[in-house]
Amino acid sequence: MSNDLARTIWTELADLDFRLSTVDAGGIPTRSLRTGDGAEAVIFLHGTSGHLEAFARNLRAHAERYSCHAIDMLGHGYTGKPDHPYEIPRYRDHLLAYMDAVGIGKAHIVGESLGGWVGGRTAIDAPDRIASLQLLCAGGTVANPEVMERIRTSTRRAVQTDDVVLTRRRMRLLMADPANATEELVAVRHEIYHRPGFVANIDNLLCLQDLETRLRNILKPADLAQITAPTLIVWGRDNPFGDVPEATAMHDAIPGSELVLFDDCGHWPQHEQPDRYNDLSLRFLAKHPLK
């Protein structure tokens, strides 16, 4: 938890050499923050309706040893928003196109929520491109209509109504401690939510909250069993979008995976408990160097 008013996105990044740029990833202009010059790449993928700022508290620690890439995924943040539903294969293809565009042959993937779903699918379909996989409160293994409705309703209300209270409520839904939904994060999210392109494509972005579409994309135990990359699963015990048995089932299905549960933690373990997460992640990465 953090109530430290000095811990802003800017103070997290201020002493880093980083580059914020737009990369052409298979024809999709993709916002990318890159920092660190290590020989191995780590790519950070955010969750539904999110953006790369979700990893502001993690980049400095990882950049000491790795080349770090935090991106706005397809249809999200300031990345391009083609007019079609954003199903998992499209996210996978966009991730691989980004890797090709910046010259990454093989990367470690850190995926939170939707980002974990995309990372898992990519590890199954393109195992030669994934060095290791971290699933942080990852989605995509169950279809819970109640949770799906919560995500769909809270996001659409925040996007279609220009009331920052709704954006703040959406952000606080992610955190065990509401203080971690800082006003700075709320402001960043509110600005993104109300850009014309984001509003116009909200149904494309939320298509995975439709039951039929979700079931078409879901990762079944037999799919997860195909993951050969070393895998770390991190889960908050107070995750509002998935109970601990969901994480345990993931762990049971992925051969050789590790599972770590965070107490007093919601849906953003990397942000809510950054020091603990960063140490855990760096130890995991050190055990599984790129081959």
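What counts, and at which threshold
- Residues numbered from 1 in each chain as written.
- Predicted model: local features only at pLDDT ≥ 70, side-chain atom pairs only at ≥ 80, totals over all residues.
- Heavy atoms only, no water.
- Helix = DSSP H or I, 4+ residues; strand = E, 2+ residues; numbered from the N terminus.
- Rg over C-alpha atoms; globule rule 2.2 N^0.38 Å.
- Buried < 20%, exposed > 50% of the residue type's maximum accessible area, 1.4 Å probe, protein only.
- Contact = heavy atoms within 4.5 Å.
- Areas by Shrake-Rupley, 256 points an atom, 1.4 Å probe, with all protein chains shown as cover.
- Lys, Arg positive; Asp, Glu negative; His and termini not counted.
- Charge placed at Lys NZ, Arg CZ, Asp CG, Glu CD.
- Pairing = 2+ DSSP bridges.
- Polar contact = N/O pair within 3.5 Å; in protein donor to acceptor, adjacent residues only side chain to side chain.
- Axes fitted to C-alpha atoms, helices over the stretch in contact; angles between N-to-C directions.
- 1 Å grid on protein atoms, 1.4 Å probe; cavity = no way out; pocket = protein on both sides within 12 Å on 5 of 7 lines; lining within 4 Å.
- Points joined across faces, edges and corners; volume = space filled by probe spheres on them.
- Nonpolar A, V, L, I, M, F, W, Y, C, P; charged D, E, K, R; others polar.
- Expected span 1.5 Å × (residues − 1).
- Left-handed = near helix turned anticlockwise from the far one by under 90°.

### Comments concerning the overall build of the chain
Part 1 of the argument: The helix and strand tally for the chain stands at 14 helices and 8 strands.
Part 2 of the argument: Against the globule reference of 19 Å for 291 residues, the chain gives a C-alpha radius of gyration of 17 Å, in line with a compact fold.
Part 3 of the argument: Its C-alpha atoms give the chain principal-axis dimensions of about 50 × 45 × 40 Å.
Part 4 of the argument: Here the chain, with 291 residues, has 59% of them falling under the buried criterion.
Part 5 of the argument: Put simply, 74% of the contacts in the chain that link residues at least 6 apart link residues at least 24 apart.
Part 6 of the argument: A total accessible area of about 11600 Å² is found for the chain, and carbon and sulfur atoms account for 50% of it.
Part 7 of the argument: Within the chain, one finds 31 positive and 39 negative side-chain charges whose respective centroids are separated by 2 Å.

### Considerations on unusual backbone geometry
Part 1 of the argument: A positive phi angle, near 45 degrees, is found at Cys137, a position not held by glycine.
Part 2 of the argument: Following the sequence through the fold, Cys137 ends up in the loop between β6 (130–136) and α5 (145–160).

### Side note on the pairing of strand β2 (residues 28–35)
Part 1 of the argument: Where burial is concerned, most of β2 is hidden: 7 out of the 8 residues are buried.
Part 2 of the argument: Where strand β1 (residues 18–25) and β2 come together, 8 bridges link them in antiparallel fashion. Within β2, the residue paired with Ala25 across the bridge is Ile28.
Part 3 of the argument: In this structure, the hairpin formed by β1 and β2 is closed by a connection of 2 residues, where Gly26 is found at a positive phi of approximately 60 degrees.
Part 4 of the argument: Bridge analysis of β2 against strand β4 (residues 67–71) gives 4 bridges, and the strand direction is antiparallel. Residue pairing across strands places Arg34 opposite His69, the latter belonging to β4.

### Some words on the side chain of Arg34
Part 1 of the argument: For Arg34, the position within the fold is in strand β2.
Part 2 of the argument: Side-chain polar atoms of Arg34 contact the side chain of Ser21, separated by 2.9 Å.
Part 3 of the argument: Ignoring any residue separated from it by four or fewer positions in sequence, one finds Arg34 in contact with Asp17, Phe18, Arg19, Ser21, Val23, Cys68, His69, Tyr98 and Val102.

### A word on the sheet that holds strand β5 (residues 107–112)
Part 1 of the argument: Across the sheet, 8 strands lie side by side as β1-β2-β4-β3-β5-β6-β7-β8; this open sheet has mixed pairing. The open sheet has two edge strands with one neighbour each: β1 and β8 (258–262). For this sheet the average axis-to-axis angle between neighbouring strands, irrespective of direction, equals 20 degrees.
Part 2 of the argument: Note: strand β3 (residues 41–45) against β4, 5 bridges, orientation parallel. The residue of β4 that forms the bridge with Ile43 is His69.
Part 3 of the argument: Helix-sheet contacts for helix α3 (residues 88–102) involve β1, β2, β3, β4 and β5, and the interaxial angle to β1 is about 115 degrees.

### A closer look at helix α7 (residues 183–193)
Helical geometry: 3.6 residues make up each α-helical turn, so side chains three or four residues apart lie on a common side.
Part 1 of the argument: All of the buried residues along α7 are Leu185, Val186, Val188, Arg189, His190, Ile192 and Tyr193.
Part 2 of the argument: Taken together, the buried residues of α7 touch α1 (9–13), α5, α6 (164–172), α8 (196–200) and α13 (269–272).

### Regarding empty space enclosed by the protein
Part 1 of the argument: Counted by the stated rule, this structure contains 2 cavities of 30 Å³ or more.
Part 2 of the argument: Within this model, the largest cavity holds a volume of roughly 290 Å³.
Part 3 of the argument: If you go around the largest cavity, you meet 28 residues; those closest to its centre are Ser113, Ile151, Arg214, Phe241 and His267.
Part 4 of the argument: At the level of secondary structure, the elements contributing two or more residues to the lining of the largest cavity comprise α4 (114–125) and α5.
Part 5 of the argument: With 3 residues, the top contributor of residues to the lining of the largest cavity is α5.
Part 6 of the argument: Taken together, the residues of the lining of the largest cavity sort by class into 13 nonpolar, 10 polar and 5 charged.
Part 7 of the argument: Looking at the second largest cavity, its volume works out to about 70 Å³.
Part 8 of the argument: Elements supplying a minimum of two residues to the lining of the second largest cavity: α1 and α7.

### Points about α4
Part 1 of the argument: The first and last C-alpha atoms of α4 sit 17 Å apart over 12 residues, in line with the 16 Å expected at 1.5 Å per residue.
Part 2 of the argument: Buried residues dominate α4, accounting for 11 of its 12 residues.
Part 3 of the argument: Within the span of α4, buried status applies to Leu114, Gly115, Gly116, Trp117, Val118, Gly119, Gly120, Arg121, Thr122, Ala123 and Ile124.
Part 4 of the argument: Of the surrounding secondary structure, the elements contacted by the buried residues of α4 are β3, α3, β5, β6, α10 (211–217) and α11 (221–224).

### Quick word on the packing of α6 against α7
Part 1 of the argument: One way to put it is that α6 packs onto α7 with a least axis distance of 9 Å and a crossing angle of 115 degrees. For the pair α6 and α7, the sense of crossing is right-handed. Residues Val164, Thr167, Arg168, Arg170 and Met171 of α6 pack against Glu183, Leu185, Val186, Arg189, His190 and Tyr193 of α7.
Part 2 of the argument: For the contact of α6 with α7, the residue count by class is 5 nonpolar, 2 polar and 4 charged.

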